[in-house]
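If you want the building blocks of each chain, they are given just below.
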Amino acid sequence: MTVYVDDAVTLWRGRRWAHLMADTLAELHPFAARLGIPRRAFQNRTSGAHYDVTAELREQALRLGAVAISRHRDRELVRAVIRNARAQGRGEAP
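The protein chain is annotated in an unreviewed UniProt entry as DUF4031 domain-containing protein from Luteimonas endophytica.

## Considering the pattern of salt bridges
Inspection of every chain in the model, using the stated rule, returns two salt bridges. For the salt bridge of R15 with E56, the shortest nitrogen-to-oxygen distance reads 3.0 Å. Taken together, the residues span a long stretch of sequence, with R15 in strand β3 (residues 15-22) and E56 in helix α2 (residues 55-63) at a distance of 41 residues. Classification of E56 as partly exposed rests on a relative accessible area of 49%. The partner of E59 in a salt bridge is R58, and the shortest N-O contact between them spans 3.4 Å. Classification of E59 by relative accessible area gives partly exposed; the value is 38%. Residue R58 is classed as buried on the basis of its relative accessible area, which comes to 13%.

The rules behind these values
Every chain begins its residue count from 1, and numbering advances along the sequence as written. Only residues with pLDDT of at least 70 are given local features in this predicted model, and only at 80 or more are side-chain atom pairs given and counted; all residues enter the totals for whole chains, interfaces and linings. For side-chain calculations, the full set of non-hydrogen atoms in the structure is used, while hydrogens and water are omitted. Salt bridges are defined by distance alone: a side-chain nitrogen of Lys or Arg within 4 Å of a carboxyl oxygen of Asp or Glu. Secondary structure is summarised from DSSP: a helix means a run of H or I of at least four residues, a strand means a run of E of at least two, and numbering begins at the N terminus for each. Here's how the labels work: a residue is buried when its accessible area is under 20% of the maximum for its type, exposed when over 50%, partly exposed in between, all with a 1.4 Å probe on protein chains only.

This is the structure in structure tokens:
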């Protein structure tokens, strides 16, 4: 099982943001907690079950073992991770 963090590409409120996703929600929530992200920050949107993380938190996630994925270079992997995140958000088994 894996926790992923995509490119920090979305600019919002003057900062770059990325998505923290995982193969399972059972992995995602504890990993986010290790980063100091409160559970209330969890998002279950059309982009899938994820947490938004700043570029700085993205770097910390990588140091803690998250796998970097690029929306530009790893398109098929990113699509698969997002499909899985959407399925989790709908309550389907991963």
